[in-house]
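Below, each chain spelled out in residue letters.
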Amino acid sequence: MKSTTGLAMHGITHHFGALRVVDDVSLTISPGELVCLLGPSGCGKTTTLRIAAGLEAPDSGTVTLNGAVVSGGGVHLPPERRHVGFLFQDYALFPHLRVLGNVEFGVESLPAAERRARAMEMLEQVGMADYAKAWPHQLSGGQQQRVALARALAPNPALMLLDEPFSGLDKRLRDLVRDETLQVLKRNKVATLMVTHDPEEAMFMADRVAVMRQGRVVQFDRPEVLYNAPADPFVAAFFGEVNQWPAEARDGKVDTVLGIFTSPQDGDIEVLARPEALRLDQNGPICAQVLAARPLGPVSLLHLRLDGQDMRARLACRTLPQPGETVRLSVDPTQIFLYPRT
Amino acid sequence: MRLFNRFALTAAACLAATAVSAAEVNVYSARKDHLLKPVLDAFTQETGIQVNLLSADATQLLERLKSEGKDSPADLFITTDVVHLHAARTAGILAPVNSAVLTKNIPAKYHDPQGYWFGLSARARVIFYAKDRVKPSELSTMEDLADAKWKGRICVRSSSSSYNQSLMGSLIAHDGEQKAEAWAKGIVANMARKPQGGDTDQIQAVAAGQCDVAIANTYYYGGLQTSAKQADRDAVAKVGLFFPNQDGRGAHMNVSGAGMTISAKNKAEAVKLLEFMAGPSAQKLFAEANSEFPVVPGAKLSPTVEAWGKFKAEDINVAMLGENAARAVLIFDRVGWR
Amino acid sequence: MPAYPHIKNGLSTPLPWLLAVLVLAGLAALPVLVVAANLLAPSQGTWTHLAQTVLGDYVVNSLALMGGVGLGVTLGGVGTAWLVTMCRFPGSRPLEWALLLPMAMPAYVVAYAYTGFLDYSGPLQTGLRALFGWKSMRDYWFPDIRSLGGAITVMVMVLYPYVYMLARAAFLEQSVCVLEASRTLGRGPWRSFFGVALPLARASIIAGLALALMETLNDFGTVQFFAVDTFTTGIYRTWLGMGQPAVAAQLGAVLMMFVAVLIALERLSRGGAKSHHTTTRYRRLPRLALTGWRAALALAFCALPVVLGFAVPAAMLAVWTVEVGLAQSFGGDFLHLAGNSLILALAAGLAAVTVAVVLAYAQRLHPGPLVRLAVRVASLGYAVPGSVIAVGIMVPLIALDRQMAQTVERWTGASPGLLLTGTVFALVYAYMVRFLAVSAGSVEASLAKVTPSLEAAARTLGCGTVAALKRVHLPMIKGSLLSATLLVFVDVMKELPATLIMRPFNFDTLATRTFTFASDERLASAGAPALAIVLVGLIPVLLLSRAIAKSRPGESE
């Protein structure tokens, strides 16, 4: 594998008309690292990806690839000269070429025999070697995805860009293909930037995740940091439904139905509690009335009422509590977050 | 390939500007190919001068000549009517020709006074009648056709035809614009059907009984008489030819003709071709192939034309017809002659 | 949400493409601009005269003609396309291609044949009179052939294939899924047709309709035979009769505005329909088998246009050819004429399609208003009456030519004369201007099939703009390129006014020869070259039909 210094984006800003879709985005990816851009639709993540690919020219900011500036400062290297791989949401397989032709497409400069060998090698890696002679329209969605991956990787790109690559697949297939894709990417030690709106997918795939909202990167860190120390309520809420209510902090303390917590500052506070923050605990300090209970498999979802406040809890329990029952709970303070109210 | 000949020729001309390879003459023509071709072939045979022909619509050829100006490859412009020759002269794209042969052969009324163009064949625009429904004694002048007694009995083609325009040009010249317009109004009121088709169609309509009289050029009648089809000859047998205005100015005449362009590079050849077309063998071909009247006095008529008998032709210089054409169209528009 | 709504802005837009598109579009638009430039010329009161006398008739007749032809080609084209695509009845298979046959028929030939045949003095009415002993037209009633109705009928018969072809292609491309979805939502086949299939095919139908209406507007021969005064005949009359080319061109410019409206309508209807197909799964179309009177009705409806628009006139041509004698018809310089026609048509087809590809692709890369405007104006040449645009083409070409000649003269002291005028190159240029709209529409529509992500994929895989065009776009749309070439090919085979005025000396094609004979009223002799045009035209029509049938994904495998 060639040595690279990966991708660096600095101060990227981009508009569509008057609308600022990417706002001062900066991020870096090292070789072999997988970074996810995570955010709701319309947050600018796909545009950021396309700017990295050279499919869009940013209004300002620089993109550096392997140490060379490819966008910014009057430079805009077109996508065909950036040596990046792009995996499209709809796979974008060329309908007029067979599977092998598609994978060979990007390595045209190689001699025929080498080209074929390289393409077959990539098809082997994704387990599609048997389909080399097939036409794209004869393949299932998952097969098309794998061919597209092989095609993007065949030229041995310095950077892989993945745009919602699994959104077209059903859930069971998605998990499988996701796992395989991750392995193939890691094996090829390629710097990867992937766009997704699925936090679970981001957590699973990424070494680091950049959460985006309204064109800005809100937080850029390892998944566990994101989960355990979300920068703001938006990031916290993005990993699943949260219980959220206002409170007031005095003397560095805030008093809530879940107990008293240390607050970094006084005044109006927003309290966020993940449903996972609550545990069934016979000796727990909190008493709650069960309003409803639904089994979800490994855990159960409970609607509870504590001191007149409704709350959701996601907890492991062997027997499902019945509505009307009273349960005792303890709290995991690492899953409680306090933010100053703005 | 032949298409690229011109390229080769011009390239050659470029290298040796003075050397003219083979004698040739370039012709833009609005005449029908099959009528002109035999004349041109005879010319080539007699003189060895090659004739290059481009046949197209007269108006467009005129525009092309105007655009090309003095760079035009054309030496000669041939038309079927005076209207376009007159327009070409007005546009300044014709050059006068001074040829004793032409002025001697062609009567003054059939050529431009300054020699910008020359009539080559003449045709009369006359009245045709259904032999079984109209007595020749009922017919007299063109003007008379506007009389109410002909209501619903006349066939004539659209006023877009330059032949109708030149007929109207003649009426304007003789009767004045006001009377001419009144006449046109009368004709429109007497039409058996709205103007449609060509002159042949008008004669056919008389034969078929759709109308009793028609206005058309003589050679279309001759064309039907000499047709290879029995049906045509049968039809035309039911139709008579009447030369109008014999007690007055004579039947209306218009001409086909030609003029030399200002760009002519093959001047001598062009004049030679003009003179040839005004000469006996070409005049005979015009007369025979298309039942036209030769412009050269005393030239022999075809037997078909001969059989129509002698008649008096109007004396007006045909240049006048070209001048009046635009006014004629305005009149036609006003009276609703489509 | 569309995957990449803003793809166009991002791909770098190399200057060479922009320059190429502006130069090519400029060349194609120049003649139109020359015509339009006359708008500014003074009219010396001619407009007042026209407005007081004939202008009203021109407008009313042109609109009535467009209305009638539009209605006819839409009903005929869409109806036949739906029947042969979605239903099975005796003869429906051969009718799939036979319905395209009238395209090969030059309208003026059909008009000539029918007016000659049906006229008062024609064989049919003469025969009827002989049979029933009628003396004159007062004894019986026969529809007036030379009328607006007659003109509309003939034009519908030769122009409906434009709508048929595009509507059929659209129906074939529609996924069965959407129709089945409609059926499961409780709509019967007919309501599914009106509710789903027709709206989905609307853009294609309107595109076909626009082509047919442009042909209607620029037609001169047919309306002249049928004695209908339209804008087009008015242009001739003003130009030739009144000697007022400026006013004629002004009328022409008004006509172009009619057409601009048509084109705008077509664009508008296409605007929202940028949908790439929502599904990539296709199955064989479930064809509704018709029986009994329904089958008979369907057969009659589909066979009528073929019989009237093709079989009858073709038979007349064949009879004339035999009457004249085969040796005489196809002897002499016939092969030479055919060769000229073929070479010209092929060269023009390739030129028009190449230019269309460059324009369409550059427009994708550089979707600015300037390029869009240039391309639109370049396509207007199709709608201007042939003779007017012929002059529009001639004027700038000759001006350029003279400029070149003068430059050479200044250097060498000797003028080379006109190098382009009156050559095959001039003709090919003229055809390109005239028929760019035909190829451009087809190419643009098919380029839309290349989704933005395919383009982006090619770019990220190392293809530049030219390489992407060569390796992705062109192979994907080669079917459409073929049909675009063939459409232009057929049009050039039939083209008359520009050929007549722009051709080299002593140069004839099948079309000019047909016209020469026909205008000499030697209709019988015109049979052979006209028949040859039709026969040559048949080849592309048949290929086209195959290409359309194969355009349905999965159907060919």
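Trainee: Please clarify how a nonpolar patch on the surface should be interpreted in this entry.
Mentor: A cluster of nonpolar side chains, Val261, Leu265 and Leu268 of chain C, forms an exposed patch at the surface whose accessible area comes to about 320 Å². Position of leucine 265 of chain C among the secondary structure elements: in helix α13 (residues 245–271).

Trainee: Is there a simple way to explain the pairing of strand β9 (residues 191–196) of chain A in this structure?
Mentor: Residues in a regular strand project their side chains so that they alternate between the two faces of the sheet. Residues and elements named next belong to chain A. β9 sits mainly inside the fold: six of its six residues count as buried. Of the two faces of β9, the one holding Ala191, Leu193 and Val195 and the one holding Thr192, Met194 and Thr196 are both buried throughout. Here strand β3 (residues 34–38) pairs with β9 via five bridges, running parallel. If you follow leucine 34 over to β9, its bridge partner there is threonine 192. Note: strand β8 (residues 159–163) against β9, five bridges, orientation parallel. Bridging from a neighbouring strand, aspartate 163 pairs with valine 195 of β9.

Trainee: Which parts of the structure should I look at to understand empty space enclosed by the protein?
Mentor: In this approach a probe as big as a water molecule rolls over the atoms, and the regions it shows empty are the leftover space. Residues and elements named next belong to chain C. For the structure shown, the criterion picks out five cavities of 30 Å³ or more. Approximately 60 Å³ is the volume attributed to the largest cavity. What lines the largest cavity is simply Tyr108, Val109, Tyr112, Ala113, Leu317, Trp320, Thr514, Ala518, Leu523, Ala526 and Ala530. Counting residues per element, the ones that place at least two in the lining of the largest cavity are α6 (107–118), α14 (292–324), α24 (510–519) and α25 (523–550). Residue contributions to the lining of the largest cavity peak at four residues, all from α6.

Trainee: I'm lost on the domain arrangement of chain B in this one. Help?
Mentor: Accessible area lost when the parts come together is the quantity often used to give the size of an interface. Residue and element names in this part refer to chain B. Along its sequence, chain B is carved into domain 1 (4–121 + 255–306) and domain 2 (123–251 + 319–335). Inter-centroid distance (C-alpha atoms) of domain 1 to domain 2 is 29 Å. Contacts between the two partners involve 16 residues from domain 1, matched on the other side by 15 residues from domain 2. Note on domain 1 versus domain 2: buried area summed over both sides is about 1,300 Å², and carbon and sulfur give 62% of it. When the buried area of domain 1 at its contact with domain 2 is split by residue, Val83, His86 and Phe293 rank highest and sum to 36% of it.

Trainee: Just to check I follow, could you spell out the nonpolar core for this structure?
Mentor: When a protein is soluble and globular, its nonpolar side chains tend to lie buried together. Leu7 of chain A, Met277 of chain B together with Phe89 and Phe171 of chain C are the most contacted members of the largest nonpolar core, which totals 303 residues. Looking at which domains feed residues into this core, each of domain 1 (4–121 + 255–306) and domain 2 (123–251 + 319–335) of chain B supplies at least three. Beyond its immediate sequence surroundings of up to four residues, leucine 7 of chain A is in contact with Leu27, Thr28, Ile29, Ala52, Val63, Thr64, Leu65, Leu159 and Leu193 of chain A.

Trainee: Looking at this model, I keep getting lost on the sheet that holds strand β19 (residues 309–315) of chain A. Mind explaining?
Mentor: Strand pairing in a sheet takes place through backbone hydrogen bonds and is either antiparallel or parallel in direction. All names here are of chain A. Strand order in this open sheet of five strands is β16-β20-β17-β18-β19, and the pairing throughout is antiparallel. Across the chains shown, the open sheet's two edge strands, defined by having one partner strand only, are β16 (278–280) and β19. Averaged over all pairs of adjacent strands, the angle between their axes in this sheet comes to 50°, without regard to strand direction. As paired strands, β16 and strand β20 (residues 326–331) are joined by three bridges and run antiparallel to one another. The residue of β20 that forms the bridge with leucine 280 is leucine 329.

Trainee: Explain the interface of chain A and chain C to me, please; I cannot follow it from the model alone.
Mentor: Contacts between the two partners involve 31 residues from chain A and, on the opposite side, 26 residues from chain C. Carbon and sulfur atoms make up 62% of the area that chain A and chain C hide from each other, which totals about 2,500 Å². Counting the surface chain A buries against chain C, the share from its top three residues, Glu80, His96 and Phe105 of chain A, is 24%. At the junction of chain A and chain C, the tally comes to two salt bridges. Within the residue set of the side of chain A that touches chain C, elements represented by two or more residues are α1 (45–53), β7 (84–87) and α4 (141–153) of chain A. Of all the elements, α1 of chain A adds the most residues to the side of chain A that touches chain C, at three residues. Classifying every residue of the side of chain A that touches chain C gives 17 nonpolar, seven polar and seven charged.

Trainee: What am I meant to see in the packing of helix α16 (residues 334–365) of chain C against helix α21 (residues 465–476) of chain C here?
Mentor: Packed helices, taken two at a time, are described by their axes: the angle between them and the distance between them. Residues and elements named next belong to chain C. Here α16 crosses α21 at 115°, and the two axes come no closer than 12 Å. Comparing the axis directions of α16 and α21 gives the class roughly perpendicular. For the element pair α16 and α21, the recorded crossing hand is right-handed. On α21, the residues touching Val357, Tyr361, Arg364 and Leu365 of α16 are Thr465, Ala468, Leu469, His473 and Leu474. Across the contact of α16 with α21, the residue classes break down as six nonpolar, two polar and one charged.

Trainee: Which parts of the structure should I look at to understand the arrangement of the chains?
Mentor: By contact count, the leading pair among the two pairs of chains in contact is chains B and C. Where chain A comes nearest to chain B, the C-alpha atoms are still 40 Å apart, and the two do not contact one another.

Trainee: So what exactly am I meant to see when it comes to the state of the cysteines here?
Mentor: In protein structure, a disulfide is the covalent linkage between the sulfur atoms of two cysteines. Residues and elements named next belong to chain B. Scanning the entire structure with this criterion turns up one disulfide over all chains. Shown here is the disulfide that connects cysteine 155 with cysteine 211, its sulfur atoms set 2.1 Å apart. Taking the torsion about the S-S bond as the criterion, the cysteine 155 to cysteine 211 disulfide, at about -105°, is left-handed. Taken together, the residues cysteine 155 in strand β6 (residues 154–155) and cysteine 211 in the loop between α8 (199–208) and β7 (213–217) connect sequence positions 56 residues apart. According to the relative accessible area criterion, cysteine 211 is buried, its value standing at 1%.

Trainee: Mind showing me how you'd approach the packing of aromatic side chains here?
Mentor: Working definition: an aromatic ring pair is given by the centre-to-centre distance plus the angle between the planes. All names here are of chain B. All chains considered together, the criterion is met by 17 aromatic pairs over all chains. Judged by centre distance (4.0 Å) and plane angle (5°), the rings of phenylalanine 243 and phenylalanine 311 are stacked. Of this pair, phenylalanine 243 sits in the loop between β8 (239–242) and β9 (252–261) while phenylalanine 311 sits in the loop between α13 (303–306) and α14 (319–335); the two residues are 68 residues apart in sequence, bridging distant segments of the chain. For phenylalanine 243, a relative accessible area of 9% gives the class buried. For phenylalanine 311, a relative accessible area of 22% gives the class partly exposed.

Trainee: Where do I start with the packing of helix α6 (residues 162–175) of chain B against helix α7 (residues 177–190) of chain B in this structure?
Mentor: Residues and elements named next belong to chain B. Orientation of α6 relative to α7, taken along the N-to-C sense of each, is 135°, at an axis distance of 7 Å. As judged from the angle between their axes, α6 and α7 are oblique. Note on packing geometry: the crossing formed by α6 with α7 is right-handed. Taken together, the residues of α7 that come into contact with α6 (itself represented by Leu167, Met168, Leu171, Ile172 and Asp175) are Glu177, Lys179, Ala180, Trp183 and Ala184. Of the residues belonging to the contact of α6 with α7, the class tally is seven nonpolar, no polar and three charged.

Trainee: Just to check I follow, could you spell out the interface of chain B and chain C for this structure?
Mentor: In this assembly, 59 residues from chain B lie in contact with 60 residues from chain C. Between chain B and chain C, a total of about 5,200 Å² is buried, with carbon and sulfur atoms accounting for 55% of that surface. Where chain B meets chain C, there are three salt bridges. Here aspartate 229 of chain C makes a salt bridge to arginine 338 of chain B, at a shortest N to O gap of 2.9 Å. Scanning the region where chain B abuts chain C turns up eleven residue pairs in polar contact (both at pLDDT 80 or more).

Trainee: Explain a negative patch on the surface here, please?
Mentor: All names here are of chain A. Among the surface-exposed residues, Glu248, Asp251, Asp266 and Asp268 lie close enough to one another that they form a single negatively charged patch. Relative to the elements of secondary structure, aspartate 266 occurs in the loop between β14 (259–262) and β15 (267–273). Taking the relative accessible area as the measure of exposure, aspartate 266 reaches 44% and is therefore partly exposed.

Trainee: Explain the pattern of salt bridges here, please?
Mentor: Close approach of charged atoms allows side chains with opposite charge to pair. According to the stated counting rule, one finds 49 salt bridges over all chains in the structure shown. The shortest N-O distance in the salt bridge between arginine 64 of chain B and glutamate 68 of chain B comes to 2.8 Å. Of the two residues, arginine 64 of chain B and glutamate 68 of chain B are both situated in helix α3 (residues 58–68); the distance of four residues between them amounts to about one turn of the helix. On the basis of relative accessibility, which here comes to 3%, the residue arginine 64 of chain B falls in the buried class. Given the relative accessible area of 0%, glutamate 68 of chain B is considered buried. For aspartate 71 of chain B, the salt bridge is made with arginine 402 of chain C, and the minimal N-O distance between the two is 2.9 Å. Of this pair, aspartate 71 of chain B sits in the loop between α3 and β3 (76–79) while arginine 402 of chain C sits in helix α18 (residues 386–412), which puts the two residues in different chains. Both residues of the pair, aspartate 71 of chain B and arginine 402 of chain C, belong to the buried class.

Criteria and thresholds
Residues numbered from 1 in each chain as written. Chains lettered and ligands numbered in written order. Predicted model: local features only at pLDDT ≥ 70, side-chain atom pairs only at ≥ 80, totals over all residues. Heavy atoms only, no water. Patch = residues over 30% accessible without salt bridge, like charges linked within 9 Å, V, L, I, M, F, W, Y side chains within 5 Å. Areas by Shrake-Rupley, 256 points an atom, 1.4 Å probe, with all protein chains shown as cover. Salt bridge = Lys/Arg side-chain N within 4 Å of Asp/Glu carboxyl O. Helix = DSSP H or I, 4+ residues; strand = E, 2+ residues; numbered from the N terminus. Buried < 20%, exposed > 50% of the residue type's maximum accessible area, 1.4 Å probe, protein only. Pairing = 2+ DSSP bridges. 1 Å grid on protein atoms, 1.4 Å probe; cavity = no way out; pocket = protein on both sides within 12 Å on 5 of 7 lines; lining within 4 Å. Points joined across faces, edges and corners; volume = space filled by probe spheres on them. Domains from an automatic or database assignment. Contact = heavy atoms within 4.5 Å. Buried area = accessible area lost by both parts, 1.4 Å probe. Core = buried A, V, L, I, M, F, W, Y, C linked by side-chain atoms within 4.5 Å. Axes fitted to C-alpha atoms, helices over the stretch in contact; angles between N-to-C directions. Nonpolar A, V, L, I, M, F, W, Y, C, P; charged D, E, K, R; others polar. Parallel < 35°, antiparallel > 145°, perpendicular 65-115°, else oblique. Left-handed = near helix turned anticlockwise from the far one by under 90°. Disulfide = S-S within 2.5 Å. Phe/Tyr/Trp six-rings, centres within 6.5 Å; stacked < 30°, edge-to-face > 60°. Polar contact = N/O pair within 3.5 Å; in protein donor to acceptor, adjacent residues only side chain to side chain. Lys, Arg positive; Asp, Glu negative; His and termini not counted. Charge placed at Lys NZ, Arg CZ, Asp CG, Glu CD.

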